[in-house]
Every structure is written in C-alpha cells, then in structure tokens.
Amino acid sequence: MCTVRQGLLGGLLASFSIGVGYLPVGFSFGVAAVHSGISPGIALLVSVLVYAGASQFLLISLLASGGGILAALPPVLVMNARHVLYGPSLAVALPSHERSLASPLLTFGLTDEVYATASSRMEAVPLNVREYWLLGLQLGSYASWLGGTSLGVMLVGEVEHWSTALREGVTFVLPALFLALLLDAGIRRWSVSAGVAGAVTALSSLSLASHHALISGMLAGSLAHFVVARRSGS
C-alpha cells in the first residue's frame, strides 16, 4: 500500500506542470464547443471519452459544419495514430513481470505532454513504483483537462467580456507548455533535433501549408536525432 501511495503521489506531483497548461486549453475547448452549437454535456463527454487535445477541436469543427460522426471519425483517428507508438515505447521501462496494473490503465492517458514527461523522468523513478507513478501522472493531467473543459462550458458567457490580450494569451498556453517540457527534459540533449525541426518547419512553411510544414519538421527532427544517436553509440 505504501508503494501504491508513493507512486501515485509522485505521479500527481509530476503532473502539475502539465495541468497548469491543460486547464486553460481545456477551458478553450469548452468555450469553442459551446460556441459551435454543441451542448455543454456533449462537450464534456468528448473530453471524457476522446481526451485528445487538438483532435477535439478538429472533431467539433467537423461536427459543427454538418459533417456527421462518420465523416469526423477518420481524420481524428489518423491525427492520433502516433499515440499507438507511445505505449510500447514506455513499456520497456516498466517491470516486465508481475505487472500490477492492466495496460489500458497505463495507456489511455498517454497524451503528447504526458509521454514527453514520462520519457524524460521515468528512469529516475524507482522501478517498483513506476506503474503507479505513470498512472498518477496520467490521472493528474486528465483531471486538469476535464476541469478546464468543465469551467469552459460553465463560464462560456464570461469570455466575451475578457480583454483581447487575455483571450489571445490563452491560445499560446499549449506551445508554452511544450517549450517548458523541452527545457525540463534538457535542451542540450535535444538541441540538434529541435534546431533541425524548427529550421525545416520554417523553410517548408514558405511553400507548404502549415500542417504539412509541421509534419516535414517533425520528420526531419526525428531523422536528425536518429543520426546523432547512431553516431554517439558508435
């Protein structure tokens, strides 16, 4: 029992930085969903069941435009296909035998930010509490996202009275969160891949749509990290 409590508490504490970012982004989703004509209950249900950040904004946009659920699901699934790789990537750092928690409990909450935090911190967590630490990390982040969505659907009418600077500032929270996680993981370790990804994205955006430029940058950054890792290991 002490092991369970220690792991969960450690994971919850580690989720604080993610939660600080998830609250305003979840709030923005709740506001955007209601403004799109989706009922507050459905908006909250989307966060409970889908819990996929940017994909939720895409989902409500497609539904609000009259696309229907069958038309909205394929692009959302494709957009989240990368999450399939997160679980196996982290599984190698978990106990290989006598695992206490079922895989669905350890994978449902693996968002980009949770995965980034787990990748950079989990090796420092004692092996016997890692499962519960990872569960606590996910639960804290999930609760923050649901809390933000709940506030958004309840306070949607108040947003119109906010200053323009405050409304624009909320949109920068998620990029700021990613930057904070990168700094926390150690910028020197990822400096080459981050630099290559940023440069390729910037250059690609001159001739490609923003989402295509972003994908190009991600692929280039991944390739750069692979090359650096191979050279370091040789």
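Attention here is on the structure that accompanies the text. (Residues numbered from 1 in each chain as written. Predicted model: local features only at pLDDT ≥ 70, side-chain atom pairs only at ≥ 80, totals over all residues. Heavy atoms only, no water.)

Time to look at the overall build of the protein chain. Check the secondary structure of the protein chain and you find 13 helices and zero strands. When the helices and strands of the protein chain are read in sequence order from the N terminus, they spell out α-α-α-α-α-α-α-α-α-α-α-α-α. Burial analysis of the protein chain (234 residues in total) assigns 34% to the buried set. Summing over all exposed atoms, the protein chain offers an accessible surface of approximately 13,300 Å²; the carbon and sulfur share of this is 70%. (Helix = DSSP H or I, 4+ residues; strand = E, 2+ residues; numbered from the N terminus. Buried < 20%, exposed > 50% of the residue type's maximum accessible area, 1.4 Å probe, protein only. Areas by Shrake-Rupley, 256 points an atom, 1.4 Å probe, with all protein chains shown as cover.)

The next subject is the environment of G26. As for its position among the elements, G26 is in helix α2 (residues 16-35). Under the relative-accessibility criterion, G26 is labelled buried at 0%. Excluding residues that lie within four positions of it along the chain, G26 makes contacts with W145, G148 and T149. (Contact = heavy atoms within 4.5 Å.)

It is worth spelling out the packing of helix α1 (residues 2-14) against helix α9 (residues 130-154) at this point. Contact geometry of α1 with α9 gives a least axis separation of 6 Å together with a crossing angle of 40°. By the angle class used here, α1 and α9 are oblique. The chirality of how α1 crosses α9 is right-handed. Where α1 abuts α9, its residues V4, G7, L8, G10, G11, L12 and A14 lie against Y132, W133, L135, G136, L137, L139 and G140. Split by residue class, the contact of α1 with α9 holds nine nonpolar, five polar and no charged. (Axes fitted to C-alpha atoms, helices over the stretch in contact; angles between N-to-C directions. Parallel < 35°, antiparallel > 145°, perpendicular 65-115°, else oblique. Left-handed = near helix turned anticlockwise from the far one by under 90°. Nonpolar A, V, L, I, M, F, W, Y, C, P; charged D, E, K, R; others polar.)

It is worth spelling out unusual backbone geometry at this point. Positive phi outside glycine occurs at Y51, with the angle close to 45°. Within the secondary structure layout, Y51 lies in the loop between α3 (40-49) and α4 (54-64). Residue classification places Y51 among the buried positions, given a relative accessible area of 4%.

For the rest of this paragraph, the subject is the side chain of S144. Along the chain, S144 turns up in helix α9. We classify S144 as buried; its relative accessible area is 15%. Contacts of S144, omitting those with residues within four sequence positions, involve G19, Y22 and L23.

Taken together, L63, I69, L70, L73 and L77 make up a surface patch of nonpolar side chains, about 500 Å² in accessible area. If you tally residues by element for the nonpolar patch, the top one is helix α5 (residues 69-79), at four residues. Secondary-structure assignment places L73 in helix α5. (Patch = residues over 30% accessible without salt bridge, like charges linked within 9 Å, V, L, I, M, F, W, Y side chains within 5 Å. Salt bridge = Lys/Arg side-chain N within 4 Å of Asp/Glu carboxyl O.)

The subject of this paragraph is the packing of α4 against α5. At a minimum axis separation of 9 Å, α4 and α5 run at an interaxial angle of 160°. In terms of their interaxial angle, α4 and α5 are classed as roughly antiparallel. When you trace α4 past α5, the crossing you get is right-handed. Seen from α4, the contacting residues are A54, S55, L58, L59, L62 and L63; seen from α5, they are I69, A72, P75, V76 and M79.

To continue, consider the packing of aromatic side chains. On inspection of all chains with the given rule, the structure shows six aromatic pairs. An angle of 85° between the planes, with centres 5.5 Å apart, marks the rings of F29 and F57 as edge-to-face. Of this pair, F29 sits in helix α2 while F57 sits in helix α4, and the two are 28 residues apart along the sequence. F29 sits in the buried class, given a relative accessible area of 0%. Relative accessible area serves as the criterion here: at 26%, F57 is assigned to the partly exposed category. Between the aromatic rings of F108 and Y142, the centroid separation amounts to 5.6 Å while the plane-to-plane angle is 85°, which identifies the pairing as edge-to-face. Taken together, the residues F108 in the loop between α7 (103-107) and α8 (112-121) and Y142 in helix α9 connect sequence positions 34 residues apart. Classification of Y142 by relative accessible area gives buried; the value is 19%. Each member of the aromatic cluster is reached from another via a ring pair, and the members are Y51, F108 and Y142. (Phe/Tyr/Trp six-rings, centres within 6.5 Å; stacked < 30°, edge-to-face > 60°.)

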